[in-house]
Amino acid sequence: MLQFGISNLNKEKSLKIHFRFYLNLLFLLTPIRIWNYILLFFSFHISKTLKKNLHLGSPFAISIEPTTSCNLRCPECPSGLRSFTRPTGMMEKDLFENIIMQIHKKLAFLTFYFQGEPYLNPNFLEMVKFAKSKNIFVSTSTNAHYLTEVEALKTVESGLDKLIISIDGSDQDSYQKYRIGGNLNKVITGTKNILEARNKSNQHKPFIEWQFIVFAHNEHQIPEIQKMAREIGVDALELKSAQLYDAQTKKEQITNIEKYARYQIGKNGEVKIKNDFLNHCWRMWQSCVITWDGSLVPCCFDKDASHVLGKIEGKNSFYAIWKSASYQQFRSNILQSRAKIEICKNCTEGLKKK
């Protein structure tokens with residue numbers, strides 16, 4: 001649920017930022033990108049209807065992972081748990097530029113984040129600049145612990161379009177129950193630093209969104225976090241459902257607020273995700289994820305890269321993987337029985353919203 005937090009102190013400026021944000025999105029829609037989207041849209045719906053894979057077009061959106069390293073220990077995150085079976089590392093600038101050069105003409109959106117804390121990669125903002133030079137919308141997500149005044153100014157100068165800041169509590173006690181090792185004051189200071197840097201630079205970017213994951217322990221703080229968002233002046237507040245890897249044993253963490261609960265608890269105590277697992281997935285047609293080492297995986301729910309469909313290295317191009325037999329087979333498997341694919345079991349695609 002997206003809630004816009006227009007500051008009571010400067011409504012006119014906040015409205016301008018919202019207007020420029022959506023105007024910026026329109027400027028990205030070049031003819032070649034629009035045509036690419038049309039190909040993706042129609043091939044997806046034909047495949048969905050016929051239950052037979054037909055894939056046309058290139059990715060319209062993509063996620064690239066700057067790093068798997070993180071300073072926090074969040075218990076539902078492989079980075080936080082240090083539980084990856086895949087290697088940990090940082091994306092090299094040369095690899096990033098190679099990927100962008102291959103796909104930028106048809107690519108409109110880059111989520112420059114997957115696992116880990118992006119600001120730990122020393123080349124992160126330089127890579128943002130490179131993507132922006134190709135007229136791509138770039139967003140990222142951070143825990144804001146590294147948003148010093150200097151880094152905040154560099155972030156504004158990079159041209160980053162959207163910055164999501166995780167803030168899952170309105171006081172330190174609540175915040176640290178999930179963001180283990182984190183400091184709420186640093187998050188608030190980092191938020192203020194980026195807002196101040198944006199204002200001093202007379203810029204409308206990045207669009208700044210707070211993200212609040214709703215658990216049982218913090219659901220009562222929703223009014224307070226809404227108030228804080230308005231007072232500090234962030235551009236938006238998103239209240240997000242929590243993903244639990246073993247929801248059955250952690251059901252006490254599930255919020256009692258129905259519209260923010262990803263799971264439902266039956267009369268017998270059994271926990272099920274609120275998803276019918278319909279045999280289709282738009283993500284498989286229009287986007288993918290590339291890990292820090294160039295491995296291409298289907299989507300953001302494959303956090304441990306258990307379905308590597310190819311690796312971008314040397315002469316192995318992105319499109320050779322995107323159109324490969326293994327990728328086409330994975331799309332076909334989605335159309336036949338999505339519920340049998342492990343990474344789909346916590347997916348929000350088709351999630352029931354009440």
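Being a predicted model, the structure only gives us computed values, none of them experimental.

J.: I'm lost on helix H2 (residues 31–50) in this one. Help?
T.: Each α-helix turn comprises 3.6 residues. Residues three or four places apart therefore point the same way. In this model, H2 (20 residues) spans 29 Å end to end at C-alpha, consistent with the 28 Å of a helix rising 1.5 Å per residue. Buried-residue contacts for H2 involve helix H10 (283–286) and helix H12 (325–337). Lysine 51 lies just past H2 and shows a positive phi near 60 degrees.

J.: Could you clarify how one ought to interpret the packing of aromatic side chains in this entry?
T.: Ring pairs (aromatic) are described by centroid distance and by the angle formed between their planes. Under the defined criterion, the tally for this structure stands at 19 aromatic pairs. Both rings, one in phenylalanine 41 and one in tryptophan 282, keep their centres 6.5 Å apart while their planes meet at 75 degrees; by these two values the pair is edge-to-face. Of this pair, phenylalanine 41 sits in helix H2 while tryptophan 282 is found in the loop between strand S9 (271–273) and H10, placing the two residues 241 residues apart along the sequence. Relative to phenylalanine 112, the ring of phenylalanine 96 lies with its centre 4.7 Å away and its plane at 25 degrees, an arrangement referred to as stacked. Taken together, the residues phenylalanine 96 in helix H4 (residues 93–103) and phenylalanine 112 in the loop between strand S3 (109–111) and helix H5 (124–133) connect sequence positions 16 residues apart. Under the relative-accessibility criterion, phenylalanine 96 is labelled buried at 0%. Ring pairs connect the aromatic residues Phe21, Tyr22, Tyr37, Phe41, Phe42, Phe44, Phe60, Phe109, Phe137, Phe207, Trp282 and Trp285, which therefore count as one cluster. Above the ring of tryptophan 322, the side-chain terminus of arginine 331 is found at 4.7 Å from the ring centroid. Above the face of the tyrosine 327 ring, arginine 331 is positioned so that its terminal group lies 3.9 Å from the ring centre.

J.: Just checking my understanding: could you explain the pattern of salt bridges for this structure?
T.: Should the charged atoms of two oppositely charged side chains come close, the side chains can pair. Applying the stated criterion across every chain yields a total of 13 salt bridges. Residue lysine 154 is joined to glutamate 151 by a salt bridge in which the shortest nitrogen-to-oxygen separation is 3.7 Å. Residue lysine 154 and its partner glutamate 151 are both found in helix H6 (residues 149–158); the two are separated by three residues, about one turn of the helix. Salt-bridge contacts for aspartate 235 lead to arginine 198; the nearest nitrogen and oxygen are separated by 2.7 Å. Placement of the pair is aspartate 235 in the loop between helix H9 (222–232) and strand S7 (236–241) and arginine 198 in helix H8 (residues 184–200), with a sequence separation of 37 residues. On the accessibility criterion, aspartate 235 (1% relative accessible area) is buried.

Rules behind the numbers
- Residues numbered from 1 in each chain as written.
- Predicted model: local features only at pLDDT ≥ 70, side-chain atom pairs only at ≥ 80, totals over all residues.
- Heavy atoms only, no water.
- Helix = DSSP H or I, 4+ residues; strand = E, 2+ residues; numbered from the N terminus.
- Expected span 1.5 Å × (residues − 1).
- Contact = heavy atoms within 4.5 Å.
- Phe/Tyr/Trp six-rings, centres within 6.5 Å; stacked < 30°, edge-to-face > 60°.
- Buried < 20%, exposed > 50% of the residue type's maximum accessible area, 1.4 Å probe, protein only.
- Lys NZ or Arg CZ within 6 Å of the ring centre and 35° of its normal.
- Salt bridge = Lys/Arg side-chain N within 4 Å of Asp/Glu carboxyl O.

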